[in-house]
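Listed here are the chains, written in short residue letters.
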Amino acid sequence: MAKPSRNTYVCQACGATSTKWQGKCAACGEWNSLVEETDAGPAPGSGIARGSKGRVIKLEALKGSTDEAPRFLTGISELDRVTGGGVVPGSALLIGGEPGIGKSTLLLQLTANLANAGRRALYFSGEEAIAQVRLRAERLGLANAPVGLASETNLGNILATLDDGKAPDLVVIDSIQTLWSDMLDAAPGTVSQVRAAAQTLIRYAKTAGSAILLVGHVTKDGQIAGPKVIEHMVDTVLYFEGDRGHPYRILRAVKNRFGPTDEIGVFEMVTGGLREVANPSELFLGDRDAASPGAAVFAGVEGTRPLLVEIQALVAPSGLGTPRRAVVGWDSNRLSMLLAVLEARCGVSFSNQDVYLNVAGGLKINEPAADLAAAAALLSSISGVAIPRDTVFFGEVSLSGAVRAASLMTARLKEASKLGFANAVLPESGDVDTSGLKLSLSRVPHLKLLASRALACD
Ligand code: TYD
Ligand code: MG
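Predicted model, so just to flag it, every value in this text is computed and none were measured. (Residues numbered from 1 in each chain as written. Chains lettered and ligands numbered in written order. Predicted model: local features only at pLDDT ≥ 70, side-chain atom pairs only at ≥ 80, totals over all residues. Heavy atoms only, no water.)

> How should the overall build of the chain be read in this particular structure?
Of the regular secondary structure elements, the chain holds 11 helices and 21 strands. Principal axes of the C-alpha set define a box for the chain whose edges measure 85 × 55 × 55 Å. Counting the 458 residues in the chain, one finds 47% classified as buried. For the chain, long-range pairs separated by at least 24 residues make up 64% of all intrachain contacts whose partners lie at least 6 apart in sequence. Counting every atom, the chain has about 22300 Å² of accessible surface; 52% of that belongs to carbon and sulfur. (Helix = DSSP H or I, 4+ residues; strand = E, 2+ residues; numbered from the N terminus. Buried < 20%, exposed > 50% of the residue type's maximum accessible area, 1.4 Å probe, protein only. Contact = heavy atoms within 4.5 Å. Areas by Shrake-Rupley, 256 points an atom, 1.4 Å probe, with all protein chains shown as cover.)

So, in structure tokens, the structure goes:
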């Protein structure tokens, strides 16, 4: 006889369970997020029954022969770069991003590429009808690729299809939130359905040796919807981000069991789909206006790749009691810190001024080395003196106002030199190899020096 099932209430925001319904989740504080789900008891094999006999496992040494994970290239070099050199068979990838950012487009281009290269690539769309996917393929010029396409949300049907015939090389599930299994009582999109579907598909990937790519929706605050557990279960988590107002899209790895997590892939959304951008610096520098004060070029690094971006600042007299500070593409705490350092250490006051800071091109900068460029933009805007067009900046500013060395300084300078910049303002400390560089270097030990230079031009 089947065991009577227990009912539990699962928070749809954090995955915490509770035995009774509550208006507010006790774990994450989200309101009205608990949903009743029938728990069929512990999954087979997960029960830790006392007295059940285990088998002794042979323990191994750390040193030993290992095979480098075999990979296949996707034909999209920006994607290969982010995954660490291609997709590993038998691995599971999760790709998250806001609606409309281009996840389905990227994955359709990927499946079509692999199918054209003679691999078995399947695309299961749970969100769009066959006709919609066909229309997109038509628009991308990929309608002739021998992709196996299905519009399906039932997990059982998908598994039966996967088991039929030769195991596929790549399976795309768009999206994991639409899948449901009739083995569970919960509605599609609930935590237990998403978790069970992901678990089943990952188990399939490991046994069949197919790579599984799951699309995951993100919530308002940018987390992949459903529990964090799917992120723990998969081998690789990629985020597709970008500003909807800009055509640029950045693919970023936040977890990768088979490679580095600090590489980015840059794409541009054009009418023919996503186009790879091999030289992102040219793209993020965009059309620059020579005469206007408040713009400074930051010589940044994303992963191992140098990237030049323009940082724009606007400092304007404030009519408000509390002046406004607004930041796009950078950390607002970092801006507050920089303003405090400029005020306390360099004597430049922003107290009656509104301050706006923007990173051009819709890029998000996380590097502390952007401090010096942001400071230069702020000083240029407050003094009204434009920074020469051919100057780049980088360096981290500490609370004392000292400018600290950054990573990969030579690579930053090389990129700037390659793109025709003539001057670089950089930290005094840290070694750089200047051979072959056509740049004049100005090394600053303290922010005070930059401030006095900028304000002396008044
Ligand atoms: P889509 O891949 O459907 O996004 P997601 O799956 O992440 O929700 O992308 C949809 C957007 O991309 C849509 O706003 C239109 C735009 N787009 C183009 O600009 N060019 C194209 O060739 C395609 C297919 C889409
Ligand atoms: Mg989509």
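> Please clarify how the sheet that holds strand S11 (residues 264-270) should be interpreted in this entry.
Paired through backbone hydrogen bonds, the strands of a sheet run either parallel or antiparallel to each other. An order of S6-S5-S7-S8-S4-S9-S10-S11-S12 is seen for the 9 strands of this open sheet, with the pairing classed as mixed. At either margin of the open sheet sits one strand with a lone partner, and together these are strand S6 (148-151) and strand S12 (273-276). When the angles between neighbouring strand axes are averaged without regard to direction, this sheet yields 25 degrees. The pairing of strand S4 (residues 92-97) with strand S9 (residues 236-241) spans 5 bridges and is parallel. In the sheet register, Ile 95 faces S9, and the bridge partner there is Leu 238. (Pairing = 2+ DSSP bridges. Axes fitted to C-alpha atoms, helices over the stretch in contact; angles between N-to-C directions.)

> Please explain the packing of helix H9 (residues 371-383) against helix H11 (residues 447-456) as it appears in this structure.
Pairs of packed helices are described in terms of their axes, by the angle between the two and the distance that separates them. Between H9 and H11, whose axes approach to 9 Å, the crossing angle comes to 25 degrees. Between H9 and H11, the angle falls in the class roughly parallel. Pair H9 / H11 crosses with right-handed handedness. Each of Leu 372, Ala 375, Ala 376, Leu 379, Ile 382 and Ser 383 in H9 lies in contact with H11, whose residues at this interface are Leu 447, Leu 450, Ala 451, Ala 454 and Leu 455. The residue inventory of the contact of H9 with H11, partitioned by class, reads 10 nonpolar, 1 polar and no charged. (Parallel < 35°, antiparallel > 145°, perpendicular 65-115°, else oblique. Left-handed = near helix turned anticlockwise from the far one by under 90°. Nonpolar A, V, L, I, M, F, W, Y, C, P; charged D, E, K, R; others polar.)

> What should I look at first to understand the state of the cysteines in this one?
As used in these notes, a disulfide is a covalent bond between sulfur atoms, one from each of two cysteines. A complete count under the given rule lists 0 disulfides for this structure. Here Cys 11 stays free of any disulfide, with the sulfur of Cys 25 as its closest cysteine sulfur at 3.7 Å. (Disulfide = S-S within 2.5 Å.)

> Is there a simple way to think about the site of ligand 1 in this case?
The full set close to ligand 1 counts 16 residues, and Gly 100, Lys 103, Ser 104, Thr 105 and Thr 271 are the nearest of them. In this structure, Lys 103 approaches ligand 1 through a main-chain N or O atom, which is 2.8 Å from an oxygen atom. Elements with a contribution of two residues or more to the shell around ligand 1: helix H2 (103-116), helix H3 (130-140) and S11. Of the residues assigned to the shell around ligand 1, the class counts are 5 nonpolar, 7 polar and 4 charged. (Near = heavy atom within 4 Å. Polar contact = N/O pair within 3.5 Å; in protein donor to acceptor, adjacent residues only side chain to side chain.)

> Sorry if this is basic, but what is going on with the sheet that holds strand S14 (residues 305-317) here?
Here 7 strands make up an open sheet; going across it, the order is S15-S16-S14-S13-S17-S20-S21 and the pairing mixed. Looking at which strands have only one partner, the edges of the open sheet turn out to be strand S15 (325-328) and strand S21 (440-444). Across the sheet, the mean angle from the axis of one strand to that of its neighbour is 25 degrees, orientation sign disregarded. As paired elements, strand S17 (residues 391-393) and strand S20 (residues 423-427) share 3 bridges and run parallel to each other. When the bridges of S20 are listed, Val 392 appears paired with Ala 424. Sitting on the sheet, helix H8 (residues 332-346) is in contact with S15 and strand S16 (353-359), with an inclination near 130 degrees to S15. Contacts from H9 reach strand S13 (295-302), S14, S16, S17, S20 and S21, with the element oriented near 30 degrees to S14.

> How do you make sense of the pairing of strand S8 (residues 211-217) when you look at a structure like this?
Within a regular strand, the side chains alternate between the two sheet faces. S8 sits mainly inside the fold: 6 of its 7 residues count as buried. As paired strands, S4 and S8 are joined by 6 bridges and run parallel to one another. Bridging across to S8, Gly 96 finds its partner in Gly 216. Sheet analysis places strand S7 (residues 170-174) next to S8, joined by 4 bridges and oriented parallel.

Purely geometric numbers; function is a separate question.
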